[in-house]
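What follows is the residue order along each chain.
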Amino acid sequence: MRLMAGSIKIGEIDDFSPMLNEAAEWLKQTGKEMWYINELFKEALLENNAPNERFIGLSESEIAGTMFM
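I will try to describe carefully the structure that is included in this document. Treat the numbers as computed from the prediction; the structure is a model and nothing was measured.

### Quick word on the overall build of the protein chain
Okay, step 1: On a plain count of helices and strands, the protein chain comes out with 2 helices and 3 strands.
Okay, step 2: Seen through its C-alpha atoms, the protein chain measures out along the principal axes to roughly 35 × 25 × 20 Å.
Okay, step 3: Split into buried and exposed, the 69 residues of the protein chain put 25% on the buried side.
Okay, step 4: Looking at the protein chain alone, contacts between residues at least 24 apart form 58% of all its contacts between residues at least 6 apart.
Okay, step 5: About 5000 Å² of surface is accessible on the protein chain, with carbon and sulfur atoms providing 56% of the total.
Okay, step 6: If the 6 positive side-chain charges of the protein chain are averaged to one point and the 12 negative ones to another, these points end up 3 Å apart.

Structure (C-alpha coordinates):
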(Lines give C-alpha, C1' and ligand atoms only; values in the text may rest on other atoms or scores of the structure.)
Protein backbone atom coordinates (compact mmCIF):
# COMPACT_ATOMS: atom_id res chain seq x y z
CA MET A 1 0.00 0.00 0.00
CA ARG A 2 1.36 3.39 -0.99
CA LEU A 3 0.42 6.37 1.20
CA MET A 4 1.25 9.98 0.50
CA ALA A 5 0.16 13.43 1.61
CA GLY A 6 0.80 16.91 0.32
CA SER A 7 -0.60 20.31 -0.52
CA ILE A 8 -3.51 20.11 -2.90
CA LYS A 9 -3.39 21.44 -6.40
CA ILE A 10 -6.10 23.82 -7.70
CA GLY A 11 -7.68 20.98 -9.69
CA GLU A 12 -8.08 18.86 -6.54
CA ILE A 13 -10.25 21.44 -4.71
CA ASP A 14 -13.35 19.78 -6.22
CA ASP A 15 -12.44 16.58 -4.33
CA PHE A 16 -11.18 18.37 -1.21
CA SER A 17 -14.28 20.42 -0.38
CA PRO A 18 -16.83 17.54 -0.41
CA MET A 19 -14.63 15.44 1.89
CA LEU A 20 -14.52 18.26 4.42
CA ASN A 21 -18.29 18.74 4.10
CA GLU A 22 -18.82 15.05 4.82
CA ALA A 23 -16.63 15.27 7.93
CA ALA A 24 -18.43 18.43 9.05
CA GLU A 25 -21.81 16.74 8.72
CA TRP A 26 -20.64 13.73 10.72
CA LEU A 27 -19.24 15.99 13.46
CA LYS A 28 -22.52 17.93 13.59
CA GLN A 29 -24.51 14.70 13.92
CA THR A 30 -22.33 13.60 16.83
CA GLY A 31 -22.77 16.94 18.63
CA LYS A 32 -19.19 18.08 17.94
CA GLU A 33 -19.80 20.77 15.32
CA MET A 34 -16.47 22.26 14.29
CA TRP A 35 -17.08 24.40 11.19
CA TYR A 36 -19.79 26.49 9.67
CA ILE A 37 -20.79 24.91 6.38
CA ASN A 38 -20.10 28.15 4.47
CA GLU A 39 -16.43 27.91 5.55
CA LEU A 40 -16.10 24.69 3.56
CA PHE A 41 -17.44 25.82 0.20
CA LYS A 42 -14.82 25.61 -2.53
CA GLU A 43 -14.76 29.39 -2.97
CA ALA A 44 -14.27 30.03 0.75
CA LEU A 45 -11.45 27.49 0.99
CA LEU A 46 -9.66 29.08 -1.96
CA GLU A 47 -10.14 32.59 -0.56
CA ASN A 48 -9.37 31.94 3.11
CA ASN A 49 -6.66 29.28 3.01
CA ALA A 50 -3.34 29.55 1.19
CA PRO A 51 -2.37 26.58 -1.00
CA ASN A 52 0.20 25.45 1.57
CA GLU A 53 -2.59 25.29 4.20
CA ARG A 54 -4.70 22.70 2.32
CA PHE A 55 -3.60 19.07 2.36
CA ILE A 56 -4.86 15.85 0.89
CA GLY A 57 -3.87 12.30 1.83
CA LEU A 58 -3.90 9.49 -0.70
CA SER A 59 -3.83 5.73 -0.40
CA GLU A 60 -2.67 4.47 -3.76
CA SER A 61 -4.55 7.00 -5.91
CA GLU A 62 -7.70 7.21 -3.73
CA ILE A 63 -8.35 10.18 -1.45
CA ALA A 64 -8.08 8.95 2.12
CA GLY A 65 -8.26 12.23 4.01
CA THR A 66 -8.11 16.00 3.90
CA MET A 67 -6.91 18.72 6.26
CA PHE A 68 -6.61 22.47 6.32
CA MET A 69 -4.87 24.76 8.78
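Moving on, there is more to tell.
### A look at the sheet that holds strand β1 (residues 3-7)
Okay, step 1: Within the open sheet, the 3 strands sit side by side as β1-β2-β3. Their pairing is antiparallel. The open sheet is flanked by β1 and β3 (62-68), the only strands paired with a single partner. Going across the sheet, the axis of each strand differs from the next one's by a mean of 20°, ignoring polarity.
Okay, step 2: Strand direction decides the pairing type here: strand β2 (residues 54-59) and β3, joined by 6 bridges, are antiparallel. Paired with Phe-55 across the two strands is Met-67, which belongs to β3.
Okay, step 3: In the packing of helix α1 (residues 13-29) onto the sheet, the strands contacted are β2 and β3, and the crossing angle to β3 comes to about 75°.

Rules used in this analysis
- Residues numbered from 1 in each chain as written.
- Predicted model: local features only at pLDDT ≥ 70, side-chain atom pairs only at ≥ 80, totals over all residues.
- Heavy atoms only, no water.
- Helix = DSSP H or I, 4+ residues; strand = E, 2+ residues; numbered from the N terminus.
- Buried < 20%, exposed > 50% of the residue type's maximum accessible area, 1.4 Å probe, protein only.
- Contact = heavy atoms within 4.5 Å.
- Areas by Shrake-Rupley, 256 points an atom, 1.4 Å probe, with all protein chains shown as cover.
- Lys, Arg positive; Asp, Glu negative; His and termini not counted.
- Charge placed at Lys NZ, Arg CZ, Asp CG, Glu CD.
- Pairing = 2+ DSSP bridges.
- Axes fitted to C-alpha atoms, helices over the stretch in contact; angles between N-to-C directions.

Honestly, that's just the spatial picture; any functional story needs more than this.
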